[in-house]
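What follows is each chain in one-letter form.
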Amino acid sequence: MGKLRKGGGVGSRFKLGRAGALTIILIGVTALFVAYFYLRVPSARLLVLGTVSVVILAASFLCYRVLGKSDTALFAQRVFPVLLLVIASIFTVFSPAGAVPDEHYHFFRSYEYANVMTFQQEDVVRSEDLSLFQTQSGILDGSTDYAHWSRIEAGLLDGQVLSGETSLQNERGIFGQAHDPLDISANGPQLKVPSAMGIIFAKALGVDAILLFYLGRFANMLYAALLIIFAVRITPVGRNVFMAAALLPITLQQIGSYSYDAATIGLAFLLTALLLNAICGEGKIRVRTLVGIAIVGCLLAPCKVIYTAILLLVFFIPKERFTSNRACVLFKGGALLLAFAMIVAFRMSSVGSLAQSSGGGDSRGAEHGTFYSLNDVLAHPRNSFIVIMNSLFANGGFYLSSTVGGNPGTLQPNLALPAFAWLSILFALLLSGVRSIDDDRVLSGWCRIVSIFAALLACAGAILSMWLGWTFNTEPVIQGVQGRYFLPVIPLLLIGMRGKVLSADANMGFPVVAAMSSIDFLYLCYVLAAAMQM
């Protein structure tokens, strides 16, 4: 029998390789689940989402073969930004208006910013936009279901735009939050200006109320996505972690809304990336990097005080990267002092209120009572320990599931993902933290320890804030904690957990992005099917 000539087979001319095999598997899994969802709820939207998912997977694989196989950094720098913007745009349009936690509140604040930026009174509203503020209209009712989508579609097809303006003070049936004066300490310009600019643009175009709402949403998403893209571009370590965290369904839900979580996540990712760049870089540190750390640290600090813990990494910037020891000390001390000054200027009153007892004047929706005070927590360590452990036993699973998107929308029970689904997302996220050929750098021992400590400190701060600001002192379990509060420090935590023992002998950038993209579309298909069955 003659020998086969080397290179003579079709397979040798074009090998799919492991990346191709993964793509085929993901396409097959997508087709399987979309078929199942379609059999339960025969909606053309499911087929559209499934088709888009397959196209994106195939296009990503082709781009990887052209760009990423020889230089995986190019895949992260050129393909990931496009994927993030496309998928985030789909999430932005997919979620019904107001169907993200506290979105009506954040929309009101953005609308007020838009008024102030155009030199109008805060409470002035176009007559066309009144439906967004009136409870009986149902536009911002917070639900994700077929009826809500139908109301939005009907509004878009109406085509009529009312003229004139009015004051919210003259209208009834308005959400109470709309009457609050604009508070820049809780809603800083770095959080609200982008979405406000989207609203201003919509008003200039003269579009109807629903399009105005979604244009503001889109502007907020674009702002957060650009911050994340820049973070992925400049980080020298953990690039796969940043990409996976950015493509989590819950991250995409939050950045595709009016929530100030969007800007907070983007700024936290960017600050982490800038600090890692300063720590792991070589030669003298660039002035623009130092300025970036200082500015982003100042912008992030008043957003959520707890995430200022990320700045602890500033102590691990090597002194050799500065022009002198004096410059090193001045910068590190100055960066921390500037962030602290921003907290004192904008957030000290709100932080101080958490530490004091109200004496029975607290409310949580229709419930009234007295929230825990800091004195309650510190003066009764035994009870505090029991409350913490009660919370972990009662809600620990919820903390994990809601961190990766296991509880979509406004935490509707019928939309909750099955355990195997959110555990799969969690596994993919953890896998992104494994050292690989294209992402193999590991931080020094102490830097890893402080990274983990800073991330856990921020998470503990989130829990403490809900303990003091949302939990009555008669309750044995901390109320109101959601996993989305942990999103800004996920990259820091996973990069800190990375060691040299566990590693993958493969490029993991494409598998992580492909898997997370596939998960995102299956997530949307599941939510759509579950919502339409109501």
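Figured I'd write up the structure that's included with this text.

Structural notes on the packing of helix H10 (residues 239-246) against helix H20 (residues 490-497)
Right, so step 1: Here H10 crosses H20 at 145°, and the two axes come no closer than 9 Å. Helix-helix and strand crossings are classified by hand; for H10 and H20 the assignment is right-handed. Between H10 and H20, the contacting residues are Val241, Phe242 and Ala245 on the first element and Ile490, Pro491, Leu494 and Ile495 on the second.
Right, so step 2: Residue composition of the contact of H10 with H20, by class: 7 nonpolar, no polar and no charged.

What to know about a nonpolar patch on the surface
Right, so step 1: Taken together, the side chains of Val287, Val291, Ile295 and Leu299 define a hydrophobic patch exposed on the protein surface, amounting to about 330 Å² of accessible area.
Right, so step 2: Following the sequence through the fold, Ile295 ends up in helix H13 (residues 287-300).

Concerning the side chain of Thr30
Right, so step 1: Position of Thr30 among the secondary structure elements: in helix H2 (residues 17-40).
Right, so step 2: When sequence neighbours within four positions are dropped, the list of residues in contact with Thr30 reads Gly50, Ser53, Leu57, Ser518 and Leu522.

Some remarks on the pattern of salt bridges
Right, so step 1: The final tally for this structure, using the stated rule, is 10 salt bridges.
Right, so step 2: The partner of Asp129 in a salt bridge is Arg126, and the shortest N-O contact between them spans 2.8 Å.
Right, so step 3: By relative accessible area, Asp129 is classed as buried at 0%.
Right, so step 4: A salt bridge links Asp141 to Arg151; the nearest nitrogen and oxygen atoms lie 2.4 Å apart. Highlighted residues: Asp141 in the loop between helix H6 (130-133) and helix H7 (146-158) and Arg151 in helix H7, separated in sequence by 10 residues.

The rules we used
Residues numbered from 1 in each chain as written. Predicted model: local features only at pLDDT ≥ 70, side-chain atom pairs only at ≥ 80, totals over all residues. Heavy atoms only, no water. Axes fitted to C-alpha atoms, helices over the stretch in contact; angles between N-to-C directions. Helix = DSSP H or I, 4+ residues; strand = E, 2+ residues; numbered from the N terminus. Left-handed = near helix turned anticlockwise from the far one by under 90°. Contact = heavy atoms within 4.5 Å. Nonpolar A, V, L, I, M, F, W, Y, C, P; charged D, E, K, R; others polar. Patch = residues over 30% accessible without salt bridge, like charges linked within 9 Å, V, L, I, M, F, W, Y side chains within 5 Å. Areas by Shrake-Rupley, 256 points an atom, 1.4 Å probe, with all protein chains shown as cover. Salt bridge = Lys/Arg side-chain N within 4 Å of Asp/Glu carboxyl O. Buried < 20%, exposed > 50% of the residue type's maximum accessible area, 1.4 Å probe, protein only.

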